[in-house]
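Residues per chain are reported as follows:
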Amino acid sequence: MKKEFLDLGRQPVANAFLKKEDFDDEFLFDLKVVFDTESKLVSIKKFVDPKRIFNENYPYTTSNSVPMVKHFKEIAEMLMKEFNPLTVMEIGSNDGAFLKNWPNDYTIGVEPCGNFTKVTEDMGYQTYSEFWTTELSEKIKNAGHVDFDLIYAANCICHIHDLDDTFKAVKNLLHKDGVFVFEDPSLLRILERNSYDQIYDEHPHIFSITALDNILMKNGLKIFRVDNLSVHGGSNRVYVSHNRPVEPSVRENLQKEDDFGLNEFKTYQEFAKRVEKSKNDLVDLLVKLKNDGKRVMSIGATAKSTTVFNYCGIGAAPWQTDLIELITDTTKDKQGMCAPGSHIPVVPRESIDINDFDYVFLGAWNLKDYIIKNEKKFNGKFITHVPKVEVV
Ligand code: DWN
């Protein structure tokens, strides 16, 4: 039974940056969030057609975030050392930040966004430009690929609607001694840190280990290890196999989630109240700064900030203009465009003098340390809303 606990209002597709002439046709949907009392899975209530999201215009590239490139190099080295896989497949290979650490003869990618498929094909990796399904797993098998020693996916599995089909497809192609390793934002960390902005169209599910354990088990796979990571504001790296012995980290994570109350609906109702407070605090702060004549910009035109700006009514909506004047982002495909829903202009960092502004909102709060270090010359202050709205 799915019970609704949070309403984040009308939202656009989080990464659908647009031009002024496209404002009138912008697609919006109701972003509501539900808890499945049986599987314990948290999901958005109404899914958006994946073809609307993941296509040749998809702008998020891993390689535009230096810390993430380092992250994927390190995980590849760790996986190589521990599991020594000969055959590797990445689901959601984006622009190859993980793939490039592996020899190309025995490594393949799967990526539905055509713009990235071309990039990784040019790097020498065979890349299937399709959504991950059991049908595709059959196609890969029929193309003569042996079962994989390592199947890897980062920030991808929680993007897929049909989890049963997803895990069946993995089982179909995973060698009997192979490992399936995937990482996605942690539901526990989101609730602990009030980072509600991890919820948007691209994340139809937000995973707890508890829910994953239930769904994987149902599909004949088993979690044998869990690593808690700091990336993307707190993620879990989940290690899955057909039958490896289960390590203590699995029980520890299940226990931690139970202790926090992730199995009880009232925990989510309380979270919803904290989310509303976060919205009120942020709007109050920005309105006060505006009334005091202060100028505010944002760094990082993130999918997360799409949720924040649209939920809080910040941006080009007629009732609250210019609370945040512009957003800078390192991604070429976002520059010169307007942010989804809020229509705040996105510009290259080099095109502005940061000291013309008094405050910088951290749209990419997950990269706070890196950004603040890079902006040593900024004389103003930073604003974050995670774990609470504050000036830092
Ligand atoms: O799962 C997902 C994650 C991996 O990436 C997707 N569903 C979509 C996307 O989410 P996001 O946009 O919230 O991710 P990030 O990693 O927080 O995005 C950071 C953005 O900030 C990028 O567009 C690059 C930009 N950036 C910047 O402008 N200056 C990044 C750094 C490090 C900087 O210094």
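First, a word on scope: everything that follows refers to the structure included in this document. Because the structure is predicted, anything quoted here is derived from the model rather than measured.

1. With respect to the packing of aromatic side chains
Here's step 1: The tally for this structure, following the rule as stated, stands at 17 aromatic pairs.
Here's step 2: Each residue in the set Phe5, Phe35, Phe265 and Tyr268 is aromatic and connected to the rest through ring pairs, giving one cluster.
Here's step 3: Cation over ring: Arg52 sits above Phe27, and NZ or CZ is 3.7 Å from the ring centre.
Here's step 4: The ring centre of Tyr239 lies 4.7 Å from the NZ or CZ of Arg225, which sits over that ring.

2. Comments concerning the site of the ligand
Here's step 1: Contacts to the ligand come from 23 residues, most closely from His159, Glu202, Lys304, Asp329 and Lys334.
Here's step 2: Tyr200 is positioned with one of its side-chain polar atoms (N or O) 3.1 Å from a nitrogen atom of the ligand.
Here's step 3: Lys334 places a polar side-chain atom, nitrogen or oxygen, 2.7 Å from an oxygen atom of the ligand.
Here's step 4: Within the complex, 95% of the 710 Å² of free accessible area of the ligand lies under protein.
Here's step 5: If you list the elements that add at least two residues to the shell around the ligand, you get α10 (303–312) and α11 (368–374).
Here's step 6: Per-class residue counts for the shell around the ligand are seven nonpolar, twelve polar and four charged.

3. Examining the sheet that holds strand β13 (residues 327–328)
Paired through backbone hydrogen bonds, the strands of a sheet run either parallel or antiparallel to each other.
Here's step 1: Spatially, the six strands line up as an open sheet ordered β14-β13-β12-β15-β16-β17, and their pairing is mixed. The sheet is open, and its two edges are formed by β14 (346–347) and β17 (390–391), each paired on a single side.
Here's step 2: Bridge count between strand β16 (residues 381–384) and β17: two bridges; the pairing is antiparallel. Paired with Ile383 across the strands is Val391, a residue of β17.

4. Side note on the pairing of strand β12 (residues 296–299)
Here's step 1: Burial along β12 is two-sided: Val296 and Ser298 and Met297 and Ile299, pointing in opposite directions, are all buried.
Here's step 2: As paired strands, β12 and strand β15 (residues 359–362) are joined by four bridges and run parallel to one another. Considered in β15, the bridge of Ile299 is made with Leu362.

5. As for helix α8 (residues 248–260)
Here's step 1: In this model α8 runs 19 Å from its N-terminal to its C-terminal C-alpha over 13 residues, within 8% of the 18 Å that 1.5 Å per residue would give.
Here's step 2: Where the residues of α8 are buried, they touch α6 (187–193), α7 (209–218), β10 (222–229) and β11 (235–241).

6. Regarding the pattern of salt bridges
Here's step 1: Under the definition given, this model contains 19 salt bridges.
Here's step 2: A salt bridge links Arg237 to Glu183, with the nearest nitrogen and oxygen atoms 2.8 Å apart. Separated by 54 residues along the polypeptide, Arg237 in strand β11 and Glu183 in strand β8 (residues 174–185) bring together distant segments of the chain.
Here's step 3: Taken together, the shared-partner salt bridges in this structure form one network comprising Glu82, Arg225 and Glu247.

7. Notes on the side chain of Thr307
Here's step 1: Along the chain, Thr307 turns up in helix α10.
Here's step 2: Those residues within four positions of Thr307 in sequence are excluded, and the remaining contacts are Leu8, Gln11, Tyr196, Asp197, Ile199 and Tyr200.

8. Focus: the sheet that holds strand β6 (residues 126–128)
Here's step 1: Pairing is mixed in the open sheet, where seven strands are placed in the order β6-β5-β4-β7-β8-β11-β10. Since the sheet does not close on itself, it has two edges, and those belong to β6 and β10, each with one partner. Pairwise comparison of adjacent strand axes, ignoring direction, gives a mean angle of 20° for this sheet.
Here's step 2: Across seven bridges, the pairing between β10 and β11 is antiparallel. Across the sheet, residue Asp227 finds its bridge partner in β11, namely Arg237.

9. Details of the pairing of β11
Here's step 1: Burial analysis of β11 places seven of its seven residues in the buried class, the great majority of the element.
Here's step 2: Across six bridges, the pairing between β8 and β11 is antiparallel. Opposite Val181, over in β11, you have Tyr239 as the bridge partner.
Here's step 3: In this antiparallel pair of consecutive strands, β10 and β11, the connection spans five residues, and His232 shows a positive phi of 50°.

About the cut-offs
Residues numbered from 1 in each chain as written. Predicted model: local features only at pLDDT ≥ 70, side-chain atom pairs only at ≥ 80, totals over all residues. Heavy atoms only, no water. Phe/Tyr/Trp six-rings, centres within 6.5 Å; stacked < 30°, edge-to-face > 60°. Lys NZ or Arg CZ within 6 Å of the ring centre and 35° of its normal. Near = heavy atom within 4 Å. Polar contact = N/O pair within 3.5 Å; in protein donor to acceptor, adjacent residues only side chain to side chain. Areas by Shrake-Rupley, 256 points an atom, 1.4 Å probe, with all protein chains shown as cover. Helix = DSSP H or I, 4+ residues; strand = E, 2+ residues; numbered from the N terminus. Nonpolar A, V, L, I, M, F, W, Y, C, P; charged D, E, K, R; others polar. Pairing = 2+ DSSP bridges. Buried < 20%, exposed > 50% of the residue type's maximum accessible area, 1.4 Å probe, protein only. Expected span 1.5 Å × (residues − 1). Contact = heavy atoms within 4.5 Å. Salt bridge = Lys/Arg side-chain N within 4 Å of Asp/Glu carboxyl O. Axes fitted to C-alpha atoms, helices over the stretch in contact; angles between N-to-C directions.

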